[in-house]
Amino acid sequence: MPIAHRLFAVFFLPALALVSAVTAAQDFRPLSDRAMRIWDTQHGLPHNSINHITQDSQGYLWIATWQGPVRFNGRAFEIFDDETQLPDPGALFIGENPYTNTIVATGARGGVSYFKPALAGGEWQAQPRVFDRVDFALFATPECTWYATVTTGVVRDCEGKRTQYTIKEGLPSDSILALTKDSSGRIWAATDRGPAYFQPETATFITVAGLPSGYNFGIVSDQNTKDLWLSIDESIYRLDVATLSYERWPVTYPSTVTELYQAPNGVLWVGTHEHGLTQLDDQSAVMTTVANGLPNNHILSIFVDRENTLWVGTHRGLTQFREAPFHSHRKEDGLDYDYVRALMQLDDGSILVGGLGGIKQIANETILPFPTNSPVANESILTLAQSGDGFLYVGTFTNGLYVLRNGEQIAHYNETNGFPGNDIRSVLLADDGYLYAATSRGVLRAKRRSNGELDQPDYFGVAEGLPDEIIYAIHQSPTGDIWIGSMRGLSVLKDQGIQRIDLSAITNAEFMFGFHESGQHLYVASDRGLILYNKRTEQWQVFDDDNGLPFVKFFDVTRDLNGNVWLATGRGLYVIAANDFERAVFDDNPATPMPYSFYESFHGLASAQINTGGPPMLVDNDGHLWLATSQGVGHYLPANLAALNGQPPTPVIEAVEADGNKIKPETYLDAHTGRVEFNFAGLGFHHPESISYRVQLAGYDDSWVTPNDNQLSVAYTELPPGAYIFQVQTAYPNGQWSDAATFTFHKLPTLWQRPTTWLVSALLLLITIVAIIRLRSYQLKRSKERLQDLVREQTKSLEQLAHQDSLTLLANRRAFDQFLREKVARNGAHQLGLILLDLDYFKDINDRYLHTTGDKVLKRVAQIITTTARESDMVARWGGEEFAILLTNTDRQQLTAVCERMRNALETADLHDLVSDLNVTGSFGAALHEPNETAASLLRRADKALYQAKSNGRNRTELAPTRD
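Along each chain, the written sequence defines residue order, and numbers are assigned to residues from 1. Only residues with pLDDT of 70 or above have their local features reported here, since the model is predicted, and side-chain atom pairs are shown and tallied only from 80 upward, although totals for entire chains, interfaces and linings are computed over all residues. Hydrogens and water are ignored here; the side-chain numbers use all heavy atoms of the structure.

1. Section: the pattern of salt bridges
Inference 1: For this analysis, a salt bridge means a side-chain nitrogen from Lys or Arg found within 4 Å of a carboxyl oxygen belonging to Asp or Glu. Within this structure, the stated rule accounts for 33 salt bridges.
Inference 2: Its salt-bridge partner being Glu 689, residue Arg 37 comes within 2.7 Å of it at the nearest N-O pair. Here Arg 37 is found in strand S1 (residues 35-39), whereas its partner Glu 689 is found in the loop between strand S59 (675-683) and strand S60 (692-698), with 652 residues between them in sequence.
Inference 3: Residue exposure (1.4 Å probe, protein chains only): buried if accessible area is under 20% of the type maximum, exposed if over 50%, otherwise partly exposed. Classification of Glu 689 by relative accessible area gives partly exposed; the value is 31%.
Inference 4: Via salt bridges that share partners, Asp 227, Arg 238 and Glu 247 belong to a single interconnected network. In this text, helices come from DSSP runs of H or I with a minimum length of four residues, and strands from runs of E with a minimum of two, each type numbered from the N-terminal end.

2. With respect to a nonpolar patch on the surface
Inference 1: On the surface, Leu 759, Leu 763, Leu 766 and Val 770 cluster together to form a nonpolar patch covering roughly 360 Å² of accessible area.
Inference 2: Looking at the element boundaries, Leu 766 is found in helix H4 (residues 755-775).
Inference 3: Take Leu 766: its relative accessible area is 47%, and that puts it in the partly exposed class. Like-charged residues are merged into a patch within 9 Å and nonpolar side chains (Val, Leu, Ile, Met, Phe, Trp, Tyr) within 5 Å, provided each residue has over 30% relative accessible area and no salt bridge. To measure how exposed things are, a 1.4 Å probe is used in the Shrake-Rupley method; for residues, cover is taken only from the protein chains shown.

3. Brief notes about the domain arrangement of the protein
Inference 1: The domain boundaries assigned to the protein delineate domain 1 (44-262), domain 2 (328-545 + 612-644), domain 3 (650-753) and domain 4 (804-963).
Inference 2: Each domain's extent is set by a domain assignment, obtained either automatically or from a database. Placing the centre of domain 1 and that of domain 3 at their C-alpha centroids yields a distance of 38 Å.
Inference 3: Contacts between the two partners involve twelve residues from domain 1, matched on the other side by 17 residues from domain 3.
Inference 4: By convention, the term buried area covers the 1.4 Å-probe accessible surface removed from two parts as they join, with the contributions of both added. Across the domain 1 to domain 3 interface the summed buried area is about 1300 Å²; carbon plus sulfur atoms make up 58%.
Inference 5: Three residues, Arg 75, Leu 119 and Ala 120, lead the burial of domain 1 against domain 3; their summed loss comes to 50% of the area buried on that side.
Inference 6: Viewed at the interface, domain 3 and domain 1 are joined by zero salt bridges. Residue contacts follow a heavy-atom distance rule, with two residues in contact if any of their heavy atoms lie within 4.5 Å.

4. Focus: the sheet that holds strand S55 (residues 632-636)
Inference 1: Two strands make a pair as long as DSSP finds a minimum of two bridges between them. Taken together, four strands build an open sheet; the order of strands is S28-S55-S54-S53 and the sheet is antiparallel. A single partner strand is all that each edge strand has here, and the edge strands are strand S28 (326-329) and strand S53 (617-619). Averaged over neighbouring strand pairs, the angle between their axes works out to 20° when direction is ignored.
Inference 2: Pairing between S28 and S55: four bridges, direction antiparallel. Along S55, the bridge assignment pairs Ser 328 with Gly 634. Angular values range over 0 to 180 degrees, each being the angle between N-to-C directions of two axes fitted as lines to C-alpha atoms, with helices fitted over their stretch in contact.

5. Some thoughts on the side chain of Asp 556
Inference 1: Positionally, Asp 556 belongs in strand S49 (residues 556-559).
Inference 2: In this tally Asp and Glu are treated as negative and Lys and Arg as positive; neither His nor the chain ends contributes. Although Asp 556 lies buried, it forms no salt bridge, and the closest oppositely charged side chain, Arg 341, sits 11 Å away as judged by the N-O distance.
Inference 3: Setting aside its immediate chain neighbours within four residues, Asp 556 contacts Gly 514, Phe 515, Ala 525, Trp 566, Leu 567, Ala 568, Pro 615, Pro 616 and Met 617.

6. Regarding the state of the cysteines
Inference 1: Any pair of cysteine sulfurs within 2.5 Å is marked as a disulfide. Per the stated rule, a full pass over the model turns up one disulfide.
Inference 2: Each sulfur in the disulfide pair Cys 144 and Cys 158 lies 2.0 Å from the other. Between Cys 144 and Cys 158, the S-S dihedral sits near 115°, and the bridge is therefore right-handed. Of the two residues, Cys 144 is situated in strand S11 (residues 144-149) and Cys 158 in strand S12 (residues 154-158); the sequence distance between them amounts to 14 residues. Like Cys 158, Cys 144 is buried.

7. Focus on the layout of surface pockets
Inference 1: Both cavities and pockets are sets of points on a 1 Å grid over the protein atoms alone; in a cavity a 1.4 Å probe fits but cannot get out, in a pocket the set is open with protein on both sides within 12 Å along at least five of seven lines, and lining residues sit with an atom within 4 Å of a point. Grid points are joined across faces, edges and corners, and a volume is the space filled by probe spheres set on the points. Taken as a whole, the largest pocket encloses approximately 1500 Å³ of empty space.
Inference 2: Lining the largest pocket are 50 residues, with His 52, Phe 93, Phe 136, Glu 259 and Tyr 261 sitting closest to its centre.
Inference 3: Breaking the lining of the largest pocket down by element, the ones donating at least two residues are strand S2 (50-55), strand S6 (91-97), strand S10 (134-139), strand S14 (176-181), strand S18 (219-221), strand S22 (257-262) and strand S25 (301-304).
Inference 4: It is S14 that contributes the most residues to the lining of the largest pocket, six residues altogether.

8. Quick look at the packing of helix H7 (residues 813-826) against helix H10 (residues 935-951)
Packed helices, taken two at a time, are described by the angle their axes make and the gap between the axes.
Inference 1: For the pair H7 and H10, interaxial distance at closest approach is 9 Å and the crossing angle is 115°. As the angle between them shows, H7 and H10 are arranged roughly perpendicular. When H7 is examined against H10, the residues Leu 820, Arg 821 and Val 824 are found in contact with a partner set consisting of Ala 935, Leu 938 and Leu 939.
Inference 2: Its residues assigned to classes, the contact of H7 with H10 shows five nonpolar, no polar and one charged. Here is the rule for angles: anything less than 35 degrees is roughly parallel, anything more than 145 is roughly antiparallel, 65 through 115 is roughly perpendicular, and the remaining ranges are oblique. For this scheme, ten residues count as nonpolar: Ala, Val, Leu, Ile, Met, Phe, Trp, Tyr, Cys and Pro. Four count as charged, namely Asp, Glu, Lys and Arg, and the remainder, Gly too, count as polar.

9. Comments concerning the pairing of strand S13 (residues 161-165)
Inference 1: In this sheet, S13 lies alongside S12 in antiparallel orientation, the contact comprising five bridges. Across the sheet, Val 154 pairs through a bridge with Tyr 165, a residue of S13.
Inference 2: Between S12 and S13, which pair antiparallel in sequence order, lie two residues; one of them, Glu 159, sits at a positive phi of approximately 50°.

10. As for the side chain of Arg 903
Inference 1: Looking at where Arg 903 falls in the secondary structure, it is placed in helix H9 (residues 892-907).
Inference 2: With a relative accessible area of 12%, Arg 903 lands in the buried category.

11. Structural notes on the environment of Asn 414
Inference 1: Position of Asn 414 among the secondary structure elements: in the loop between strand S36 (408-413) and strand S37 (426-429).
Inference 2: The exposure class assigned to Asn 414 is buried, which follows from its relative accessible area of 8%.
Inference 3: Note: C-alpha distance between Asn 414 and Leu 401 (13 residues apart in sequence) is 6.4 Å.
Inference 4: Residue contacts for Asn 414: discarding those within four places in its chain leaves Asn 399, Gly 400, Phe 419 and Asn 422.
Inference 5: A distance of 3.0 Å separates a polar atom in the side chain of Asn 414 from a polar atom in the side chain of Asn 399. Definition of a polar contact: a pair of N or O atoms within 3.5 Å, with one able to donate and the other able to accept a hydrogen when the atoms are protein atoms, and with sequence-neighbouring residues admitted only if both atoms are side-chain atoms.

12. Some words on the packing of helix H8 (residues 842-868) against H9
Inference 1: Packing of H8 against H9 brings their axes to within 9 Å, and their N-to-C directions diverge by 140°. Pair H8 / H9 crosses with right-handed handedness. Only Arg 901, Met 902, Ala 905 and Leu 906 of H9 make contact with H8, whose side of the interface consists of Val 861, Ile 864, Ile 865 and Thr 868.
Inference 2: Its residues placed into classes, the contact of H8 with H9 shows six nonpolar, one polar and one charged. Crossing handedness follows the turn of the near helix against the far one: under a right angle anticlockwise gives a left-handed crossing, and clockwise gives a right-handed one.

13. Description of the pairing of strand S15 (residues 187-191)
Inference 1: Most of S15 is tucked away: five of the five residues are buried.
Inference 2: In S15, alternate side chains face the same way, and those of Ile 187, Ala 189 and Thr 191 on one face and Trp 188 and Ala 190 on the other are all buried.
Inference 3: One ladder, built from five bridges, connects S14 with S15; its direction is antiparallel. Looking across to S15, one finds that Ile 176 is bridged to Thr 191.
Inference 4: Connecting the antiparallel pair S14 and S15 is a turn made up of five residues, with Gly 185 showing a positive phi of about 95°.
Inference 5: One ladder, built from four bridges, connects S15 with strand S16 (residues 194-199); its direction is antiparallel. In the strand pairing of S16, Ala 189 is matched with Ala 196.
Inference 6: Hairpin remark: S15 followed by S16, antiparallel, with two residues in the connecting loop.

14. Focus: the nonpolar core
Inference 1: Ile 835, Leu 839, Val 857, Val 861, Phe 883, Leu 918 and Val 920 are the most contacted members of the largest nonpolar core, which has 33 residues in total.
Inference 2: A total of nine residues in this core trace back to one element, the largest contributor, which is H8.
Inference 3: Sequence-distant contacts of Ile 835, defined by excluding residues within four places in its chain, comprise Phe 883, Ala 884, Ile 885, Leu 887, Leu 895, Val 898, Cys 899, Phe 924, Gly 925 and Ala 926.
Inference 4: The term nonpolar core refers to a set of buried residues drawn from Ala, Val, Leu, Ile, Met, Phe, Trp, Tyr and Cys, joined through side-chain atoms within 4.5 Å. Residues Ala 137, Trp 146, Tyr 165 and Phe 198 belong to the second largest nonpolar core, which totals 26 residues.

15. Section: helix H2 (residues 578-585)
Inference 1: Considered for burial, the residues of H2 that qualify are Ala 578, Asp 580, Phe 581, Ala 584 and Val 585. Taken end-on, H2 shows its buried residues confined to a sector of 165°, consistent with a single buried face.
Inference 2: Where the residues of H2 are buried, they touch strand S46 (521-526), strand S47 (529-534), strand S48 (539-543), S49, strand S50 (565-568) and strand S51 (573-576). Directions from the helix axis toward the C-beta atoms define the arc.

16. Some remarks on unusual backbone geometry
Inference 1: Put simply, Gly 614 and Pro 615 share a cis peptide bond, and its omega is -15°.
Inference 2: Following the sequence through the fold, Pro 615 ends up in the loop between strand S52 (597-599) and S53.
Inference 3: Backbone geometry at Ala 203 places phi at a positive 55°, although glycine is not the residue there.
Inference 4: Here Leu 850, not a glycine, exhibits a phi torsion of approximately 80°, which is positive.

17. Some details on the sheet that holds S50
Inference 1: Pairing is antiparallel in the open sheet, where four strands are placed in the order S49-S50-S51-S52. Each edge of the open sheet is held by one strand with a lone partner, namely S49 and S52. When the angles between neighbouring strand axes are averaged without regard to direction, this sheet yields 20°.
Inference 2: With four bridges connecting them, S49 and S50 associate as antiparallel partners. By the bridge assignment, Val 557 is partnered in S50 with Leu 567.

Listed below in structure tokens is the structure:
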């Protein structure tokens, strides 16, 4: 190589790479760290042009298309066509009126239609037509809605009274593109000749002096600064609404701005006619376009939902950009290839990427070309390794090993110059000065020279003790031992030679794909689980499906800076928390379950297939995890975990059918109804297919039921008569469960199931019994004395029943009053205490879970307070949800202690066997009997104390003061 060229490669190329990295950091492309997904007509959309997007208060996404309004629950598109009664099926705008929660759709030929949502349904109502095609609606006040038309100006509709404004009233054009209301309440119209605002005093529109005339597609009132943002052709202007002064934004966009949108977090998004979209920034516009995966560069609509997911509408479908734990750098992001095999971090912190198309570099989330003059830049790369003195060794799939330094090729070794085995799967730069390489001919070993070149190699194969010569991975321990993973097992190279490791006692694993070492353990990723070697005890362990891991073919293993264990598979990625892993390692039970999280495509990976390579997983110096996958480089972004583990998706019950007919809540079903089916969905859009569901039919199911995977309906057949509440809850993976969506209905009994029928039958039976008694009366006379004894016993039993509550089997109020009067009358030196307990919000329990559940709660409460009372205390059901307890031989301290013990027992009681999310608390009023005090007075003081406890917030104890 000429000296000038050599100097260029050694000094200028690295400098150029550094400048490129800095420039890339400045030109960071918006959305490059988000996962992208696209829906079009192949996925159920009726048309690929997405004219407008919004989200209603329930959580549904609504889309305006040329084939009508569409409602999206994340899994299916519900298309509304003729039922909208629009004069033309095309919808140009869709939005929710915030004052009525009504969905408003507008379209071609002036059509306007309202949709009023309802539980398990909803209904469209067509409104009188506007003069012309309506492209936008502004819900300015509860009374007035403004409509933007294409050729007939602005129409204001105030409670059915419509007023039209055109160029005669000051508009610069009758072609209205958008409408907005600024922070002062002023209405603005965006036209194809610039903006104008409405002057109520004169009922005219006024233009802003000096603003250019042009296509004003975008107009947004800034929720933070209160300024107005306007797009005119390729420029954007910021206008002070108080002074009507304005300034031109310093960035000119590459084509006409067709959409301006401000997200709830304040970010302004800019969509263009021919060059995609970007965030508003005062630097040069860095666009997300077709080159980055966008299906079309013409932006029609932009929207950010309540999960902070960005939705973009184009002429080729609906695109989603969402936060996810992983981001993938793909071919369309500039990687030039998808299949990645090797990752390595350079000294400057950037990531070197090798794959089926050469070498690339990632710096500051931006993909850069790797500066080199070597043909290795376009080879199929399997492994990367760098020495401490700056030499880069690159193993390829079909062309041997390259040696580079500062981008300049130092050497190239393959079968043509004495290095058999052109597929270099892994490279180890060992402490002994040798390079070891994994090949299909065994382990290559060659002495490294100071200039990076290699001496002629020797090989370790079957003849030297290896079980086979297909080598996948090589690793050196701090002791100098070199571990070798091959297709037929595990070996170690020591001073005395190669030693094969017999693992047959713990596993039948053969393929050894990767190594990791930390502390006292060596980790081996195999085709039958994770193999662990304790170097101190020289003991082997294996973790596989016996430990609850469903997929156990691991291609690599590593631990991050927090000690968490990461396992790469062809289906996704496991992570096991450090504490959980250590617990399993040191547990004597080899089948100790290991809790884990599993990441796959919906977590942001373009592909869940993590490849083998040298190495396919990398933890960089900042603790970030990088993955080599079949569709680019995966990058773990733990800060985005909140996007999935935050609020659960909102559950909705979309339809309920009884024997094929839709029903509404509180319907009474015929006794002969055979099948009731419930259709539901979780309105979450991070990855709807990953949402978990559980359902319960209160009155039939004793606990929550988990439907089969991807099942969004359940059915019940031959339900017995009764009242039912269907409930459904949703959750993201590893997230919390949502509140339940509910649907109440009733099923009537047949004739033979009705209480009146039972009563008539009982009366007939009673008459029959009486007749039999009469016929046998002569026998009863002979045993008169015995009968009288029996009658006395029956009378005593009835008296006992008269003093007992039939539900709780406690004493009833009659028995308690009698006992209280007797105790007060006989009370001497032993002081009495009276407690009144009232359950808090018990009516809500009956209303929500029915009285059958309420009765079960009362019985459970009776058990709890009986258990926590003293043996000498009398416990009674006072009536409804009230209970009374009479204590003898007590004082104020003991009385308070008993109350608190009962209150705490109620508050902490586990009632999940009755209802999963039920808690019960009680308010306690107590009074200590005073000398010469009547039972009625004692009751009044305890009742006042109970009232005080309820007034002071419930779930507390109040002790009555002494009498004056």
